Amino acid sequence: MTALLTLPAPAKLNLFLHITGRRADGYHTLQTLFALLDYGDTLHFTVVDSPDIRVEPALPGVPSEQNLVYRAARLLQSATQCGQGAEIRLEKRLPMGGGIGGGSSDAATTLLALNHLWQTGLTEDALAALGLQLGADVPVFVRGRSAWAEGVGEIIFPAEIAENWYLVLKPACEISTRDIFSNPALTRNTSPIKLAASQTQYCKNDCESVVRQQYREVDEALEWLDNFGKGRLTGTGSCVFLECESRENAEMLLQQSPFKGFVAKAVNESPVHRILREALKN
């Protein structure tokens, strides 16, 4: 069966992550700047006339009902009372647990693709609201713009960022977001800043010191990157990154690196939205 639509699911970097407080319900308030990347997973979608949803291949250690691609398809189906289904093939390139949004981006691409293919007609706002039920980062990918976010991550504003090249490394460890946010040593009182100040040297990832203390592999990767510039942690995952002068410079460092990783360019607009615009013209 030939896929009707093939779409990317781009990665993201948190160029900084400040924890500004903690609410009475236990959730942390934050400020962050999301940079979308031109590198990610790829999903192939085929519509079927029955309501069945099939996602292949299965992800190691993830029951099919918990796969965010499957959950996103079912959520859209339920919200719109759509009687159609889909066969979805996922080409996974982004590491799980890396803090670069792989699962969230896959879910967002699924919502956007099936809203188009099933002709369910939901607006971007409605899709973003559905996405929030799947995870705090999903709306950023649904909206498809590099973005400033605050609150608990649900307040999002489009942001223009420098479309720099980055080297992204993935140390061989898995990090529990819950463990990091519950750690007593986590800074929770960073003063809020304005968007214009977010590109300055004063920005940091408040989770980095806790992660470095608990995960030797991340500490070693950041130490290696610091030989060439200022390495930084993205989100609360294990991936670290370095802004580079050029693609050639980033690829040269990747070849030298003792860690697995990839090279990518920041983009202000998601490639998903560009492809869907072209599809609507045809």
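The shown structure was predicted, so the numbers you read here are calculated from the model rather than taken from an experiment.

Caption draft 1: Up close: the overall build of the protein. Within the protein one finds 9 helices and 10 strands. Taken over C-alpha atoms, the radius of gyration comes to 19 Å for the protein, in line with the 19 Å a tight globule of 282 residues would show. If one aligns the C-alpha atoms of the protein with their principal axes, the spans along those axes are about 55 × 45 × 35 Å. Burial analysis of the protein (282 residues in total) assigns 53% to the buried set. A sequence separation of at least 24 residues applies to 75% of the contacts in the protein between residues at least 6 apart. Accessible area for the protein stands at about 13,200 Å²; split by element, carbon and sulfur atoms hold 49% of it. Mean positive and mean negative side-chain charge positions of the protein (26 and 32 charges, respectively) differ by 2 Å.

Caption draft 2: Here's a closer look at the side chain of T234. For T234, the position within the fold is in the loop between β8 (232-233) and β9 (240-244). At 2.9 Å, the side chain of T234 and the backbone nitrogen of N14 are in polar contact.

Caption draft 3: Molecular detail of the pattern of salt bridges. Tallying each qualifying case throughout the model produces 15 salt bridges. For K92, the salt bridge is made with D106, and the minimal N-O distance between the two is 3.0 Å. Of the two residues, K92 sits in the loop between β4 (85-91) and α2 (102-117) while D106 sits in helix α2, which places them 14 residues apart along the sequence. Relative accessible area serves as the criterion here: at 31%, K92 is assigned to the partly exposed category.

Caption draft 4: Structural view of the pairing of strand β1 (residues 5-22). Across the 18 residues that make up β1, a large majority, 15, are buried. Relative to strand β2 (residues 28-48), β1 is paired through 14 bridges, and the arrangement is antiparallel. Opposite P10, over in β2, you have G40 as the bridge partner. Here β1 folds back onto β2 in antiparallel fashion, the turn holding 5 residues, of which G26 has a positive phi close to 95°.

Caption draft 5: A look at the packing of aromatic side chains. Summed over all chains, the structure comprises 4 aromatic pairs. Where F16 meets W148, the ring centres are 5.8 Å apart and the plane angle is 50°; that geometry is what we call tilted. On the criterion of sequence distance, the pair formed by F16 in strand β1 and W148 in strand β5 (residues 147-151) is long-range, its members being 132 residues apart. A relative accessible area of 1% places F16 in the buried class. Geometrically, the ring pair formed by Y166 and F241 is edge-to-face, given 5.8 Å between the ring centres and 75° between the ring planes. Taken as a pair, Y166 in strand β7 (residues 165-170) and F241 in strand β9 lie far apart in primary sequence, 75 residues in all. Summarising the burial analysis for this pair, Y166 and F241 share the class buried.

Caption draft 6: Quick look at the packing of helix α1 (residues 68-80) against α2. Two elements in contact, α1 and α2, have axes separated by 8 Å at closest approach and are oriented at 35°. Seen along the crossing, α1 lies across α2 with a hand that is right-handed. Here L68, V69, A72, A73 and L76 of α1 lie close against α2, whose contacting residues are G103, S104, D106, A107, T110, L111, L114 and N115. Counted by class, the contact of α1 with α2 contains 8 nonpolar, 4 polar and 1 charged residues.

Reading guide: rules and limits
Numbering of residues starts from 1 in each chain and follows the order in which that chain's sequence is written. Local features in this predicted model are restricted to residues whose pLDDT is 70 or higher, and side-chain atom pairs enter the listing and the counts only when it is 80 or higher, whereas totals over whole chains, interfaces and linings include all residues. Values shown for side chains rest on all heavy atoms present in the structure; no hydrogens or waters enter the calculation. For helices the rule is a DSSP run of H or I covering at least 4 residues; for strands it is a run of E covering at least 2, with both sets numbered from the N terminus onward. For this measure, only C-alpha atoms enter the radius of gyration; the expected value for a globule follows 2.2 Å times N^0.38, where N is the number of residues. Under the scheme applied here, a residue whose accessible area is under 20% of the maximum for its type counts as buried, over 50% as exposed, and between as partly exposed, the area being computed with a 1.4 Å probe on protein chains only. Here, two residues are considered to be in contact whenever any of their heavy atoms come within 4.5 Å of each other. To be clear on the numbers: accessible area is Shrake-Rupley with a 1.4 Å probe, and residue cover counts the displayed protein chains and nothing else. When charges are tallied, Lys and Arg are placed among the positive residues and Asp and Glu among the negative ones, while His and the ends of the chain are skipped. A single reference atom marks each charge: NZ on Lys, CZ on Arg, CG on Asp, CD on Glu. Two N or O atoms count as a polar contact when they lie within 3.5 Å, although within protein this holds only if one can serve as hydrogen donor and the other as acceptor, and sequence-adjacent residues are included solely when both atoms are side-chain atoms. By definition, a salt bridge exists where a carboxyl oxygen of Asp or Glu is found within 4 Å of a side-chain nitrogen of Lys or Arg. Here, strands pair whenever DSSP counts at least two bridges between them. A pair of Phe, Tyr and Trp rings is counted when the ring centres sit within 6.5 Å of each other, with Trp represented by its six-membered ring. The angle between the planes then sorts it: under 30 degrees is stacked, over 60 is edge-to-face, the rest tilted. Working convention: axes come from line fits to C-alpha atoms, limited for helices to the stretch in contact. Angles between N-to-C directions cover 0 to 180 degrees. In this scheme the handedness of a crossing depends on how the near helix is turned from the far one: anticlockwise by less than a right angle means left-handed, clockwise means right-handed. Note that Gly is not counted as nonpolar here; it falls among the polar residues with everything else outside the nonpolar set of Ala, Val, Leu, Ile, Met, Phe, Trp, Tyr, Cys and Pro and the charged set of Asp, Glu, Lys and Arg.

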